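# Fold and geometry: a report
If you want the building blocks of each chain, they are given just below.
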Amino acid sequence: VWSLGEVAEAVRDSIWPSPPVHMEFISKIVMDGTGLVVSFTNVPQTYRNLRLVVTNARRDSSANSGVGISFNNDTTVGNYGYQRIWNNGVTGGGNGYQSTGLRHVDDFPATTNSSSAIWDISNYTDSSVGTTCQVQWDLDGFNSSGKQGVGGSNYEVASAVTQLDVVSTYTTSGYYFEAPTTFALFGIGKAA
């Protein structure tokens, strides 16, 4: 039997057995229809992986713009490679594409408010290797024919990532992220 004082002392001294940290909230950005820049600066270097989640996403009036993640404010096309596989709803069949650049997800989000995506980002604190990023996304099944897909990218620069930006292919006001589009960044596990 342990006293509360003994438990507190063991936790303070990092000798108390505790479950691993699974996922911790870092920051959230809620869009209001006046822009399409989504930046997470000063990304903490204390986690093994990052997860960026977008929910209730929608564009103003145009949905045919792609999005991707850039690292450390670097938008150099040749520093990124990506691939994606998607379907165009129940009658659209499967499609795939690969190239260089930042366009990980095509035609995202829709002009309705139920598009969502999850980006999992690995190796982001290791300055000796590039950073990898996996994504899965879906568009409103009722209003956008249920388009969904998966993909991935590589940041081919050996650098610790301290900033994440969601980058849109087109930048005019019809492509602005409308409310209640929400981007939330999480840390997963403790850095090695």
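Definitions and cut-offs
- Residues numbered from 1 in each chain as written.
- Predicted model: local features only at pLDDT ≥ 70, side-chain atom pairs only at ≥ 80, totals over all residues.
- Heavy atoms only, no water.
- Pairing = 2+ DSSP bridges.
- Helix = DSSP H or I, 4+ residues; strand = E, 2+ residues; numbered from the N terminus.
- Axes fitted to C-alpha atoms, helices over the stretch in contact; angles between N-to-C directions.
- Contact = heavy atoms within 4.5 Å.
- Salt bridge = Lys/Arg side-chain N within 4 Å of Asp/Glu carboxyl O.
- Buried < 20%, exposed > 50% of the residue type's maximum accessible area, 1.4 Å probe, protein only.
- Polar contact = N/O pair within 3.5 Å; in protein donor to acceptor, adjacent residues only side chain to side chain.

### Remarks on the sheet that holds strand β5 (residues 80-87)
Reading across from one edge, β1-β11-β3-β7-β8-β9-β5-β6 is the order of the eight strands in this open sheet, with antiparallel pairing throughout. Of all strands in the sheet, those bounded by a partner on one side alone are β1 (23-30) and β6 (94-100). The mean angle between the axes of side-by-side strands here comes to 15 degrees, regardless of whether they run parallel or antiparallel. Where β1 meets strand β11 (residues 182-190), seven bridges bridge the pair, whose relative direction is antiparallel. Paired with Lys-28 across the strands is Ala-184, a residue of β11.

### What to know about the environment of Tyr-80
The residue Tyr-80 is located in strand β5 in this model. With 23 residues separating them along the chain, Tyr-80 and Arg-103 place their C-alpha atoms 9.4 Å apart. What Tyr-80 contacts, discounting residues up to four positions off in sequence, is Ile-69, Ser-70, Phe-71, Asp-74, Ser-99, Thr-100, Gly-101, Leu-102, Asn-154 and Tyr-155.

### Let's talk about the sheet that holds strand β2 (residues 38-40)
Overall, antiparallel pairing links the three strands, which are arranged β2-β10-β4 in an open sheet. Each of the sheet's edge strands pairs with one partner strand only, and the pair in question is β2 and β4 (67-71). Recorded for the sheet is a direction-independent mean angle of 25 degrees between the axes of neighbouring strands.

### Some remarks on the pattern of salt bridges
Charged atoms that come close allow side chains of opposite charge to pair. The tally for this structure, following the rule as stated, stands at three salt bridges. The partner of Asp-107 in a salt bridge is Lys-147, with the nearest N and O atoms 3.1 Å apart. Note that Asp-107 is positioned in the loop between β6 and β7 (115-122) and Lys-147 in the loop between β8 (131-138) and β9 (148-155), a separation of 40 residues in sequence. Note on Asp-107: relative accessible area 26%, which makes it partly exposed. Residue classification places Lys-147 among the buried positions, given a relative accessible area of 8%.

### Some points on the side chain of Ser-153
Turning to its location among the elements, Ser-153 is positioned in strand β9. A distance of 3.3 Å separates a polar atom in the side chain of Ser-153 from a polar atom in the side chain of His-104. Once residues within four sequence positions are removed from consideration, Ser-153 is found in contact with Gly-81, Tyr-82, His-104, Thr-131, Thr-132 and Cys-133.

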